[in-house]
Amino acid sequence: MSDSDNKMDKIVSLAKRRGFVFPGSEIYGGQAGVYDFGPNGVELLNNIKRLWWKANVYDKENVYGVDAGMFKHPRVWDASGHTSGFSDPIVECRDTQTRLRVDKELEAVGVTADEKMSVEELQTLFDEHKDEIAKRNNLSGNFTPVRAFNLLVKSNLGDFMDDGAEPVYLPGEACQGIYLNYKNVLDTMSPKLPFGMAQIGKAFRNEISPRNWLFRCREFEQADTQTFVKPNENKTEFEQIKQARMDWYVSLGINPDNLRFKQHDNLVFYASDAWDIEYNYPTLGWDELEGIHDRTDYDLKQHMEFSGTDLTYLDPDTNERYIPWILETSVGLGRMFAAVLADAYYEEELEDGKTRTVLKLHPDLAPYRVAVSPLLKNKPQLVEKAREVFTMLKAEFGNVAWDDNGNVGKRYRRQDEIGTPHCVVIDFDTLGEETPELKDTVTVRDRDTGEQQRVAIADLANFLQ
Ligand code: GAP
């Protein structure tokens with residue numbers, strides 16, 4: 001196993017051990033492709049969402065947030081093309097019922113399977129490499145023919161006849177909620193082009209082989225912006241949006257060497273340009289973190305045709321009516337979460353020969369801003385003073401940990417693994433009985449350097465800010 005293989009395994013294990021991410025429905029043996037965020041994970045996830053919203057809504061003048069209902073009219077997914085075209089090629093091993101996603105299997109043996117290829121073309125390629133694919137999956141090679149498997153997840157909402165005649169789908173992508181509310185935003189907020197809409201929403205896909213932890217799930221969350229622009233006049237905006245998204249990752253402390261742009265070679269028929277921001281994940285290597293797409297007028301044109309509702313925009317400057325083009329950014333928050341953890345994960349050799357694991361998370365992302373401890377938990381005076389400091393910092397920051405478990409060394413190790421930037425310890429000097437000059441000061445330990453310094457309680461909040 002290479003170093004980087006090891007690193008991803010270690011991150012997944014730390015994420016479970018320290019309450020970041022648990023396998024879904026674990027006590028029942030698990031639910032493939034679904035993960036639950038634990039107490040520390042939900043804090044990190046919420047911090048990512050909060051900073052994404054700040055960068056994409058609050059820091060802009062003309063971006064409007066929405067939070068659309070999960071269930072949508074069945075025609076929405078016809079208009080978007082999902083009912084007819086949102087599929088992955090699948091084969092099944094007749095002997096073991098193992099299902100494989102054909103394009104990914106071909107990729108794994110060095111063959112690029114184009115998204116636009118027909119089932120017949122994929123079948124030909126699959127037949128050529130069947131033995132190799134069977135071998136790498138430990139299968140006999142007795143496969144069913146390749147078929148297209150639709151990834152939309154059906155529900156029985158409103159299906160009182162129980163006949164499944166017109167299924168209501170769970171969202172295959174979150175952005176449809178934005179398109180459905182574009183007219184509402186035009187009518188209520190009267191924005192002028194170019195303007196944007198933003199949403200964080202869940203998506204569900206019947207992924208054939210969910211894998212790589214949070215990377216390919218059946219349930220996940222997407223943070224999307226859709227910028228509505230004048231047709232054909234968007235190259236500058238597209239470039240600005242692309243760069244702003246890259247800069248945002250770097251502003252969160254992600255190493256720029258682990259980020260890159262990649263342009264799509266094969267565009268879907270309606271797109272005029274498409275890029276990915278890729279992250280260099282341990283084990284996986286470079287793979288898509290976020291998609292940035294020029295979707296032309298496809299989405300609004302489709303919804304206008306299928307709904308019969310006029311979705312054109314009246315340009316107040318020219319008096320022209322047209323369907324705006326859409327520039328989309330869409331990041332899966334699980335992939336973002338995995339990239340943040342991977343980038344912050346360090347193992348460091350200590351002087352005593354032991355290794356410490358530390359998450360060097362940006363302070364705005366860390367689940368806890370600071371942890372507060374009494375040096376000894378069985379000394380009431382220390383505990384009382386530590387409680388005072390804890391209450392004061394909690395009022396200031398909110399996300400403050402109380403940690404009195406084990407000795408101080410163990411607490412530091414634990415908080416390092418959670419990524420808490422500072423630990424504050426209330427000790428006998430704080431009480432000032434033998435060292436009056438240190439009364440009402442505390443030890444503050446820095447996560448990244450391990451250095452400790454004395455800070456007056458009165459200055460503590462400022463110091464931590
Ligand atoms: N509205 C455009 C759209 O949904 P996409 O490339 O299918 O495009 C956008 O998805 C982002 O959602 C991806 O860049 C990725 O971060 C995330 N994503 C897609 N499929 C995913 C899955 N099965 N599990 C986790 N994240 C996923």
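My aim in this report is to walk through the structure given alongside it, one point at a time.

Describing the nonpolar core
Argument step 1. In terms of nonpolar packing, the biggest core is built from 52 residues, with F20, I48, W213, Y249, L289, M336 and F337 touching the most fellow members.
Argument step 2. At nine residues, the largest contribution of residues to this core is made by helix α11 (residues 333-344).
Argument step 3. Aside from chain neighbours lying at most four places away, what touches M336 is I48, W248, Y249, L252, L289 and V331.
Argument step 4. If you look at the next biggest cluster of nonpolar residues, it comprises 19 residues, including L382, F390, V442 and V455.

Describing the site of the ligand
Argument step 1. In the vicinity of the ligand there are 20 residues, among which E173, R205, E288, L289 and G332 approach most closely.
Argument step 2. Between the ligand and the protein, one listed contact pairs a nitrogen atom with a side-chain N or O atom of E173 at 2.7 Å.
Argument step 3. One of the backbone nitrogen or oxygen atoms of L289 is found 2.8 Å away from an oxygen atom of the ligand.
Argument step 4. Considering the ligand on its own, with 550 Å² of exposed area, one finds that the protein chains cover 91% of that surface.
Argument step 5. Tallied by class, residues from the shell around the ligand come to seven nonpolar, four polar and nine charged.

Section: a nonpolar patch on the surface
Argument step 1. Taken together, the side chains of M70, F71 and L157 make up a nonpolar region of the molecular surface, amounting to roughly 260 Å² of accessible area.
Argument step 2. Note that L157 resides in the loop between β7 (154-155) and β8 (168-169).
Argument step 3. L157 gets classed as partly exposed once you look at its relative accessible area, which sits at 43%.

Re helix α8 (residues 176-189)
Argument step 1. With 14 residues, α8 extends 19 Å between its outermost C-alpha atoms, agreeing within 8% with the 20 Å of an ideal straight helix rising 1.5 Å per residue.
Argument step 2. Where α8 bends most, the angle comes to about 40°, and this point is Y182.
Argument step 3. Regarding α8, the residues found buried are Q176, G177, I178, Y179, N181, Y182, V185 and L186.
Argument step 4. Immediately downstream of α8, the backbone of S190 shows phi near 45°, a positive value.

Digging into the sheet that holds strand β13 (residues 285-294)
Argument step 1. Read across the open sheet, the seven strands follow the order β3-β9-β10-β16-β13-β12-β11; overall the sheet is mixed. Where the open sheet ends on each side, the last strands, each with one partner, are β3 (63-65) and β11 (259-263). In this sheet, adjacent strand axes meet at a mean angle of 25° when their direction is disregarded.
Argument step 2. Looking at chain direction, strand β9 (residues 195-204) and strand β10 (residues 219-229) are connected through 10 bridges and run antiparallel. Counted as the bridge partner of F204 is E219 from β10.
Argument step 3. In the packing of α8 onto the sheet, contacts are made with β3, β9, β10 and β16 (325-332), and the angle to β9 comes to roughly 150°.

Definitions and cut-offs
Residues numbered from 1 in each chain as written. Predicted model: local features only at pLDDT ≥ 70, side-chain atom pairs only at ≥ 80, totals over all residues. Heavy atoms only, no water. Core = buried A, V, L, I, M, F, W, Y, C linked by side-chain atoms within 4.5 Å. Buried < 20%, exposed > 50% of the residue type's maximum accessible area, 1.4 Å probe, protein only. Helix = DSSP H or I, 4+ residues; strand = E, 2+ residues; numbered from the N terminus. Contact = heavy atoms within 4.5 Å. Near = heavy atom within 4 Å. Polar contact = N/O pair within 3.5 Å; in protein donor to acceptor, adjacent residues only side chain to side chain. Areas by Shrake-Rupley, 256 points an atom, 1.4 Å probe, with all protein chains shown as cover. Nonpolar A, V, L, I, M, F, W, Y, C, P; charged D, E, K, R; others polar. Patch = residues over 30% accessible without salt bridge, like charges linked within 9 Å, V, L, I, M, F, W, Y side chains within 5 Å. Salt bridge = Lys/Arg side-chain N within 4 Å of Asp/Glu carboxyl O. Expected span 1.5 Å × (residues − 1). Bend = angle between axes of the 7 residues up to and from the residue. Pairing = 2+ DSSP bridges. Axes fitted to C-alpha atoms, helices over the stretch in contact; angles between N-to-C directions.

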